[in-house]
Amino acid sequence: MSQKPKPSHGLAACPGCAEPLDSGDRFCGACGYDLSAVPAAGEGPDRPTVAIGTPVNWPDAPPREPGSLSTMTQHPGDLPGTDSGGHELPADGATPAAPATGPVATGPVATGDFELAAPDPRAAVRVDDPVPAPASVPVPEAVPAPASVPVPEAVTGAAHGAGLCVACRAGRVDADGYCENCGHAQPRERDHMEREFGGVAAVSDRGLRHHRNEDAFAVSATTLPDGSPATLAVVCDGVSSATRPDEASAAAAEAAGAALCAALPRGTHPQQAMHEAIVAASEAVNSLAEKAADGEPQRNAPACTIVGSVVADGLLVVGWVGDSRAYWVPDDRTAPAARLTEDDSWAAQMVAAGLMNEAEAYADERAHAITGWLGADAYELDPHTVAFKPDRSGVVVVCTDGLWNYAEGPADMARVVPADAADHPLHGARVLVGHALDGGGHDNITVALVPFAVPPQGAGSA
């Protein structure tokens, strides 16, 4: 944390171009940004994702039976499924659990032998380069080639060095991103991204308070060995207190998306594929770290969170590290929604230890300090994965905290997801980003919508 005094307007750098500011500035000298339009310091909950400092002395959690889980992945009555070890979760309200360490079981989870009831409600809460197309993913010759899948549409947004100025609509934009006619700084390509492909869609926006977008996503569709479809979405949130968080999120999203597109057509179980994708994402982020003089990875290395979802063969699989989340919202809104992930964060630790309730914990200024992330200086890599088999159709909302800060509880999220989101996922993602912007847009906002349709009677694995 910087100890330098902040200027009176509360900004050390221009929100438009990141140029350093003086305390008396009313406008940015580089791009002309009107600083009077920026909310005063302390106005609104601007709480970006940050990694928690070390060492951490966590209070002891309530005692659990030997072998029980240390990370709760569902709440009582939520969609029953399997934990990270591939074991069926209890459906009677008992606290589920996952081993604190150790890899995910390589064998498939049970399929076809149980029906999951709908979850009970809980009382509450542009990448610089386009996302890689599945065609670029290497696949063994014997596997149905995702290379035949059409390349997704290009990410929208203004690119530097091409096109007309968005301000005067007359001048050309130079390679530095400024209009040659009026000098206006142009929006960066990563400020706003949209993509829809294979029935899944995502939207990412810089928000209203940050000078750059440190989120990234990957969405795609492929096929399983039997020819049945599979859709996937990965969302990553750069850790703002780390170096080059935008590069970390982009690398993680690209690596995880490519790993899933390669593993699913080979017949890898979706839950195992998700685990392997998170490991691949972690390795990609680790590779960004520069070496210190002693040869060890740098402190405060590039870092990000990750959350992903795969819908395949009647299963809904979710995996994550950090505080980015996934929600289940059924098409039938008379049925309850559910949160499918449990944050790796200070707030979640306080709730798990019984020291605070959820409302108190997430109201604390330390709530968004994360205890798990991808990066060379992470304590350890502990991917969480769960698999569900819903008994009705719906949509999975995969998002960063830039969205869920404005719709924290499952019921809150269900209220802002459009009723036709499963049929029009891109429109639904735009609506959700708009909801966060209307709420203040204090952080980068990224959301992907993955529709889930109940297989026809008699379909699916035997």
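If you're wondering where the values come from, they're calculated on a predicted model, not measured in any experiment.

The rules behind each value
Residues numbered from 1 in each chain as written. Predicted model: local features only at pLDDT ≥ 70, side-chain atom pairs only at ≥ 80, totals over all residues. Heavy atoms only, no water. Pairing = 2+ DSSP bridges. Helix = DSSP H or I, 4+ residues; strand = E, 2+ residues; numbered from the N terminus. Buried < 20%, exposed > 50% of the residue type's maximum accessible area, 1.4 Å probe, protein only. Expected span 1.5 Å × (residues − 1). Arc of directions from axis to C-beta. Salt bridge = Lys/Arg side-chain N within 4 Å of Asp/Glu carboxyl O. Disulfide = S-S within 2.5 Å.

1. Overview of the sheet that holds strand E15 (residues 445–452)
Hydrogen bonds between backbone groups are what pair the strands of a sheet, and the pairing can be parallel or antiparallel.
Stage number 1. The antiparallel open sheet is built from 6 strands, whose spatial order is E3-E4-E15-E14-E9-E10. Pairing within the sheet leaves two strands with one partner each, and these edge strands are strand E3 (192–197) and strand E10 (338–339).
Stage number 2. Note that strand E14 (residues 394–399) and E15 share 6 bridges and pair antiparallel. In the sheet register, Gly394 faces E15, and the bridge partner there is Phe452.

2. Structural notes on the pairing of E3
For a regular strand, the rule is simple: side chains alternate between the two faces of the sheet.
Stage number 1. Across 6 bridges, E3 lies against strand E4 (residues 200–205) in antiparallel orientation. Paired with Glu196 across the two strands is Ala201, which belongs to E4.
Stage number 2. Linking two consecutive strands that pair antiparallel, namely E3 and E4, is a turn of 2 residues; a positive phi of about 60 degrees is found at Gly198 within it.

3. Some remarks on unusual backbone geometry
Peptide bonds are trans in most cases, and residues, glycine excluded, mostly fall at negative phi.
Stage number 1. The phi dihedral of Arg244 falls on the positive side, at around 45 degrees, and the residue is not glycine.
Stage number 2. Here Arg244 lies in the loop between strand E6 (229–238) and helix H1 (245–263).
Stage number 3. By relative accessible area, which is 25% here, Arg244 ends up partly exposed.
Stage number 4. Unlike most non-glycine residues, Asp313 shows phi in positive territory, near 55 degrees.
Stage number 5. As for its position among the elements, Asp313 is in the loop between strand E7 (303–312) and strand E8 (315–321).
Stage number 6. The partly exposed category is assigned to Asp313, whose relative accessible area is 31%.

4. Considering helix H7 (residues 425–438)
Stage number 1. Taking 1.5 Å per residue as the helical rise, H7 with its 14 residues ought to reach 20 Å, and the 20 Å between its terminal C-alpha atoms agrees with that figure.
Stage number 2. Taken together, the buried positions of H7 are Pro425, Leu426, Gly428, Ala429, Leu432, Val433 and Ala436. Each buried residue of H7 sits inside an arc of 165 degrees when the element is viewed along its axis, so together they form one side.

5. Some details on the environment of Pro451
Stage number 1. Note on placement: Pro451 falls in strand E15.
Stage number 2. Spatially, the C-alpha atoms of Pro451 and Ala421 are 7.8 Å apart, while their sequence positions differ by 30 residues.

6. Some remarks on the pattern of salt bridges
Stage number 1. Tallied over the entire structure, the rule returns 13 salt bridges.
Stage number 2. Ionic pairing is found between Arg244 and Glu247, a salt bridge with its closest N-O pair at 3.2 Å.
Stage number 3. Look at Glu247 and you get partly exposed, because its relative accessible area is 34%.
Stage number 4. Where Asp364 meets Arg366, a salt bridge forms, and the shortest distance between an N and an O atom there is 2.9 Å.
Stage number 5. A residue is classified by how much of its surface remains accessible, and Asp364, at 16% relative accessible area, is buried.
Stage number 6. If you follow the salt bridges from partner to partner, you end up with Arg212, Glu214 and Asp246 in one network.

7. Topic: the state of the cysteines
Stage number 1. This structure, assessed with the given rule, holds 0 disulfides.
Stage number 2. The thiol of Cys304 is not disulfide-bonded; the next cysteine sulfur, from Cys236, is found 4.7 Å away.
Stage number 3. For Cys304, a relative accessible area of 0% gives the class buried.

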